[in-house]
Amino acid sequence: MTELNNAPGMTPTPNPYDPDSLRVTGDVNAIGAEKLILRIPVRKPTKQEFYRVNSDPKFRLSCAILELKEEREFYLVTPAALSILGEDVRYVELLLCINRQSAVFFWPLTIPTADGRRNSWNESAREAAKIAEQGWVRMVSNMAEGSYSVYQATGKIPDPEWPKKSMPELIELAFKDGKLIDSEDHPVVIQLHGG
Amino acid sequence: MGGELMLVKPKVYEVRPVATVPPPTAVLDNLPFQEIWCCDFEFNGADGEIPTPVCMVAIEARSGRTIRLWRNELVALTSPPFETGPDALFVAYFASAEIGCFLALGWEPPVLVLDLFTEFRAETNGLSVAHGNGLLGALAYFGLPMMGGDEKTTMRNLILGGGPWSRDEQGAILDYCQEDVDALLRLFPVLVGRLATLASDKYVRLGQALLRGRFMTAVARMEYVGVPIDIGVLERLGTNWDSIKLALISEVNIDYGVFDDQTFKANRFDNWLARNGIPWPRLPTGRLALDDDTFRQMARAFPEVAPLRELRHALGTLRLNKLQVGADGRNRCLLSPFSAKTGRNQPSSAKFIFGPSRWLRGLIKPRKGYGIAYLDFGSQEIAIAAALSGDPAMIDAYISGDPYLSFAVQAGLAPAHATKETHKAVRNRCKAIVLGVGYGMGAESMAYRAGLLIAEARELLRRHRETYRVFWCWADNNVNIALAGGELRTVYGWPLRCGAGIQPNPRSLLNFPMQANGAEMLRLAACMATEAGLRVCAPIHDALLLEAPLKRLDEDVARTKDIMVAASEMVLKSLQCRVDAEIVRYPDRYQDEAGVEMWNRVMNILESTEAQARDQQ
């Protein structure tokens, strides 16, 4: 290496023959970015996506929802507003899901009714959700069988990276913008009552 | 009401004054050099030849001591007439030209070089520069006084005329030379002040500038050596090129029927594509995309297109008379260091033998008693991506020696016991994705390049993202930094500015760290190899072309390999890049694998053309 004459007391000369001393170390940029989740859709997994269900009980919520089928919108109904909507609500378990594109969504999976009536669509969906806690699955309607066919990926696919947020935060992202029905004054309630 | 007001936009030249330029004396006082010599040479010489110095002016920046020497005085000196040791700073604009004159005069190059061209490029890389990257452009950019462009052209023509010059003309040329040195003295404090006064960096940026200057010396040395060319064959090709072209067209056209005389007919090509069931990209107008990029990508996906692509390429780009070859049979041209945004060299493809016509590289031939070696970094982009992102899976893949097959195994696309032979197809698909990521390509380009369905390429790309999460997190963050108006830098400080008003391409931003750090790696290797006395003929993207006497060839190849590996470690720290060497010994010639078929075809035509000419005599 070429030695430079650095006399005592003088500012040392930067040495281009010692590149190590010139290396940029650490984070040269104070700025960066992380992907923010601004909204979480509530929907059933599509027939084309492989998905996983979060197995942590903290990330599932039994609740009542109202589904506006034409608008494909789901509303979370608070216990206080249940009596107003009556039979329009459906009791579901909201499962936190993620697909292979790392898109997060809540799947409202219908809870079996107390009267013991069986529904093969719901039962097969529940089985698919159970399997999806451990592996990547895809489910497709099978009209001939009257239930979902479930496909599990056999290749080696890494486990998903779940969002670093609490369940209340995730629920808020899913039902913000007026999608929480907690009184009879809610526009959707008024609409359903012919207002 | 009177006439309407018309808003006329005045013509504005972009001249960006620097807000905080320290006064020159303060800048000079702060610099840790005993002497600072700003220097410029005037020189001439035919294309491909070593420059012939005409005169030189050097001014010491603090004392104003001035040295003006005409050529007869220069050649009488055995060393520079000013201090060029480790206490002195040598300042020039495009210093490889000045150091080229040092070498032509037999002088030892300066130890510390600061090139104001490289620093202007670094200062503005990624930004738009209204008046170009020349000395006048740099002066205009900073709003500094400058001489007229017309005057410069007149004087340059006078110098290139080669003389003899009258006494008055000699004085005028020296004055003109001194004007450039005066310009250096104005520009120096502006550019260096910005490097040296950043206290937080503790001179690191100034040191990085000196490292770039060190490379300009390596460039001068490589330009001085040049690439050995078989000038006998070059002359024969030049003499017969028109006949060869016609013969090539008629030979290739038998299989395609797309040429009418020497004209390529798009409608005939359209019919040929339909007959062969090849889906070809089209322009928004519905016409076939006939640019070389499309041809190159489609030739990879559909090999039957390759001969036609080679021919079109050869006809379109080959201008043999532009190839710069000196009387000594060496291809010498401006290597154009730091011209690309990534900091890579960008020599003219027409003047440089390693331009895009790969078959023409068959002209490279070592002289008698010598050999050459093409030494390149193996999978350089992957090594950089792995090491700088710190992705453990990608590091493992690189260390395995076959990063493409490793990706296939890591992504669950091939079993652990898979080999290149047993899983060739899946390896090829994974190779397209791994290389495509290294070049910042999207799924669509990768699909075209590798002959994959777009959905398949998208799926493989997703698997790549899942397998190498750490890398993608790092890469996405780099893109975000740039898009947020930040600045990307290589490990030795080559920057890419991404400020307001710039519309960067996210794929180029993603690719920048791999390419720009690759350029750093090659620059370090070129510096160390040339300083070690090895005869490096040229840098080529991620490779060096070396020349040595046959008896020393293997030893020099081994030394160069060691140097390249050391350079890779300087950039990567946690990883070493593999270096592969292809050795050619006289009387063999260098051949690029992709160009062998075309070279053989051209040589056959050349020989039969010459035989016909002999028969006719």
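As shown above, the structure is provided for reference.
From a predicted model like this one, the values you see are computed outputs, not experimental measurements.

Some words on the sheet that holds strand S4 (residues 88-92) of chain B
Residues and elements named next belong to chain B.
So, point 1. In space, the five strands of this open sheet follow the order S3-S2-S1-S4-S5, with mixed pairing throughout. The open sheet has two edge strands, strand S3 (66-70) and strand S5 (113-115), and neither has a second partner. Direction aside, the axes of adjacent strands within the sheet are offset by 25 degrees on average.
So, point 2. When strand S1 (residues 35-44) meets S4, the two strands line up parallel, connected through four bridges. From the neighbouring strand, Cys 38 faces S4, where its bridge partner is Val 91.
So, point 3. Running over the sheet, helix H3 (residues 95-104) touches S1, strand S2 (52-60), S4 and S5 and is turned about 75 degrees from S1.
So, point 4. The sheet strands contacting helix H8 (residues 204-225) are S4 and S5, and the helix crosses S5 at an angle near 95 degrees.

Digging into the side chain of His 186 of chain A
Residues and elements named next belong to chain A.
So, point 1. Structurally, the position occupied by His 186 is in the loop between strand S8 (180-181) and helix H4 (187-192).
So, point 2. For His 186, a relative accessible area of 11% translates into the label buried.
So, point 3. Apart from residues lying up to four places away in sequence, His 186 is in contact with Tyr 75, Gly 178, Leu 180 and Ile 181.

Comments concerning the sheet that holds strand S15 (residues 578-585) of chain B
Residues and elements named next belong to chain B.
So, point 1. The four strands lie next to each other as S13-S14-S10-S15, forming an open sheet whose pairing is antiparallel. Of all strands in the sheet, those with a lone pairing partner are strand S13 (535-540) and S15, marking the two edges. The average angle at which neighbouring strand axes cross in this sheet is 20 degrees, direction not considered.
So, point 2. Where strand S10 (residues 370-378) and S15 come together, eight bridges link them in antiparallel fashion. Of the residues in S15, the one forming a bridge with Asp 376 is Asp 580.

Re the pattern of salt bridges
So, point 1. Inspection of every chain in the model, using the stated rule, returns 37 salt bridges over all chains.
So, point 2. Notably, a salt bridge pairs Glu 161 of chain A with Arg 469 of chain B, separated by 3.8 Å at the nearest N-O pair. In this pair, Glu 161 of chain A sits in the loop between strand S7 (147-152) and helix H3 (167-174) while Arg 469 of chain B sits in helix H19 (residues 469-483), so the two residues belong to two different chains.
So, point 3. Accessibility expressed as a relative area gives 30% for Arg 469 of chain B, which makes it partly exposed.
So, point 4. For Arg 523 of chain B, the salt bridge goes to Glu 520 of chain B, with nearest N and O atoms at 3.1 Å. Of the two residues, Arg 523 of chain B and Glu 520 of chain B are both situated in helix H20 (residues 506-531); the distance of three residues between them amounts to about one turn of the helix.
So, point 5. Here Glu 520 of chain B falls in the buried class, since its relative accessible area comes to 4%.
So, point 6. A single network of salt bridges, built from pairs that share partners, joins Arg 330, Arg 367, Arg 535 and Glu 547 of chain B.

A word on the interface of chain B and chain A
Interfaces are frequently sized by the accessible area removed from exposure as the parts join.
So, point 1. With 40 residues of chain B in contact, the opposing surface of chain A contributes 29 residues.
So, point 2. Across the interface of chain B and chain A, roughly 2,900 Å² is buried in total on both sides, 56% from carbon and sulfur atoms.
So, point 3. For the pair chain B and chain A, the number of links is three salt bridges.
So, point 4. Our count for the contact surface shared by chain B and chain A stands at eight residue pairs in polar contact (both at pLDDT 80 or more).
So, point 5. Listing elements by their share of the side of chain B that touches chain A, those giving two or more residues are H8, helix H18 (454-467), H19, H20 and helix H21 (553-572) of chain B.

Overview of the side chain of Asn 15 of chain A
Residues and elements named next belong to chain A.
So, point 1. Among the secondary structure elements, Asn 15 is positioned in the segment before strand S1 (51-53).
So, point 2. Residue Asn 15 is classed as buried on the basis of its relative accessible area of 13%.
So, point 3. Engagement of the side chain of Asn 15 in a polar contact is seen with the backbone nitrogen of Tyr 17, the distance being 2.8 Å.

A closer look at the packing of aromatic side chains
So, point 1. Scanning the entire structure with this criterion turns up 33 aromatic pairs over all chains.
So, point 2. Where Phe 94 of chain B meets Phe 117 of chain B, the ring centres are 4.6 Å apart and the plane angle is 45 degrees; that geometry is what we call tilted. Pair noted here: Phe 94 of chain B is in the loop between S4 and H3 and Phe 117 of chain B is in helix H4 (residues 116-124), with a separation of 23 residues, a long-range link.
So, point 3. We classify Phe 117 of chain B as buried; its relative accessible area is 5%.
So, point 4. Between Tyr 256 of chain B and Trp 272 of chain B, the aromatic rings sit 5.0 Å apart at their centres with planes inclined by 50 degrees, giving tilted as the arrangement. Here Tyr 256 of chain B is found in helix H9 (residues 231-256), whereas its partner Trp 272 of chain B is found in helix H10 (residues 266-276), with 16 residues between them in sequence. The pair formed by Tyr 256 of chain B and Trp 272 of chain B is uniform in burial state, with each residue classed as buried.
So, point 5. Pairwise contacts between aromatic rings join Tyr 256, Phe 259, Phe 264, Phe 269, Trp 272, Trp 280 and Phe 295 of chain B into one cluster.
So, point 6. Seen from the ring of Tyr 151 of chain A, Arg 138 of chain A lies directly overhead, with NZ or CZ sitting 4.9 Å from the centre.
So, point 7. Above the face of the Trp 472 of chain B ring, Arg 465 of chain B is positioned so that its terminal group lies 4.0 Å from the ring centre.

What about H4 of chain B?
Residue and element names in this part refer to chain B.
So, point 1. Counting buried positions along H4 yields nine of nine residues, so the element is predominantly enclosed.
So, point 2. Of the residues making up H4, those classed as buried are Leu 116, Phe 117, Thr 118, Glu 119, Phe 120, Arg 121, Ala 122, Glu 123 and Thr 124.
So, point 3. One side-chain oxygen of the residue at the start of H4 lies 2.7 Å from the amide nitrogen of Phe 117, identifying that residue as Asp 115.

Remarks on the pairing of strand S3 (residues 73-77) of chain A
Residues and elements named next belong to chain A.
So, point 1. Within S3, four of the five residues are buried, which leaves the element mostly enclosed by the surrounding structure.
So, point 2. Here five bridges tie strand S2 (residues 60-68) to S3, and the two strands are oriented antiparallel to one another. Its bridge partner lying in S3, Ala 64 is registered against Val 77.
So, point 3. Taken together, S2 and the strand that follows it, S3, pair antiparallel across an intervening segment of four residues, in which Arg 72 is found at a positive phi of about 50 degrees.
So, point 4. In terms of strand pairing, S3 meets S8 through two bridges, oriented parallel. Across the sheet, residue Leu 76 finds its bridge partner in S8, namely Leu 180.

What about the packing of H8 of chain B against H20 of chain B?
Residue and element names in this part refer to chain B.
So, point 1. Two elements in contact, H8 and H20, have axes whose closest approach is 9 Å; the angle formed by their N-to-C orientations is 60 degrees. Relative to H20, the element H8 lies oblique. As for how H8 packs across H20, the hand of that crossing is left-handed. When H8 is examined against H20, the residues Leu 211, Arg 214, Phe 215, Ala 218, Arg 221 and Met 222 are found in contact with a partner set consisting of Arg 523, Leu 524, Ala 526, Cys 527, Met 528, Thr 530 and Glu 531.
So, point 2. Each residue belonging to the contact of H8 with H20 can be placed in one class, and the counts come to eight nonpolar, one polar and four charged.

Focus on the packing of helix H15 (residues 403-410) of chain B against helix H16 (residues 424-438) of chain B
Residue and element names in this part refer to chain B.
So, point 1. H16 packs onto H15 with a crossing angle of 105 degrees between their chain directions and a minimal axis gap of 8 Å. Comparing the axis directions of H15 and H16 gives the class roughly perpendicular. For the pair H15 and H16, the contacting residues are Tyr 404, Leu 405, Phe 407 and Ala 408 in the first and Val 426, Arg 427, Cys 430, Lys 431, Ile 433, Val 434 and Leu 435 in the second.
So, point 2. Among the residues forming the contact of H15 with H16, the class breakdown is nine nonpolar, no polar and two charged.

Digging into the environment of Glu 593 of chain B
Residues and elements named next belong to chain B.
So, point 1. Tracing the sequence through the fold places Glu 593 in the loop between S15 and helix H22 (596-616).
So, point 2. According to the relative accessible area criterion, Glu 593 is exposed, its value standing at 75%.
So, point 3. Spatially, the C-alpha atom of Glu 593 lies 20 Å from that of Arg 578, the residues being 15 residues apart in sequence.

Examining unusual backbone geometry
One can expect most non-glycine residues to show negative phi and most peptide bonds to be in trans.
Residue and element names in this part refer to chain B.
So, point 1. Following Tyr 586, the chain continues into Pro 587 via a peptide bond in cis, with omega recorded as 15 degrees.
So, point 2. Mapped onto the elements, Pro 587 comes out in the loop between S15 and H22.
So, point 3. Residues other than glycine seldom take positive phi values, yet Phe 94 does so here, at roughly 60 degrees.
So, point 4. Assessed through its relative accessible area of 17%, Phe 94 is described here as buried.

Conventions adopted
Residues numbered from 1 in each chain as written. Chains lettered and ligands numbered in written order. Predicted model: local features only at pLDDT ≥ 70, side-chain atom pairs only at ≥ 80, totals over all residues. Heavy atoms only, no water. Pairing = 2+ DSSP bridges. Helix = DSSP H or I, 4+ residues; strand = E, 2+ residues; numbered from the N terminus. Axes fitted to C-alpha atoms, helices over the stretch in contact; angles between N-to-C directions. Contact = heavy atoms within 4.5 Å. Buried < 20%, exposed > 50% of the residue type's maximum accessible area, 1.4 Å probe, protein only. Salt bridge = Lys/Arg side-chain N within 4 Å of Asp/Glu carboxyl O. Buried area = accessible area lost by both parts, 1.4 Å probe. Polar contact = N/O pair within 3.5 Å; in protein donor to acceptor, adjacent residues only side chain to side chain. Phe/Tyr/Trp six-rings, centres within 6.5 Å; stacked < 30°, edge-to-face > 60°. Lys NZ or Arg CZ within 6 Å of the ring centre and 35° of its normal. Parallel < 35°, antiparallel > 145°, perpendicular 65-115°, else oblique. Left-handed = near helix turned anticlockwise from the far one by under 90°. Nonpolar A, V, L, I, M, F, W, Y, C, P; charged D, E, K, R; others polar.

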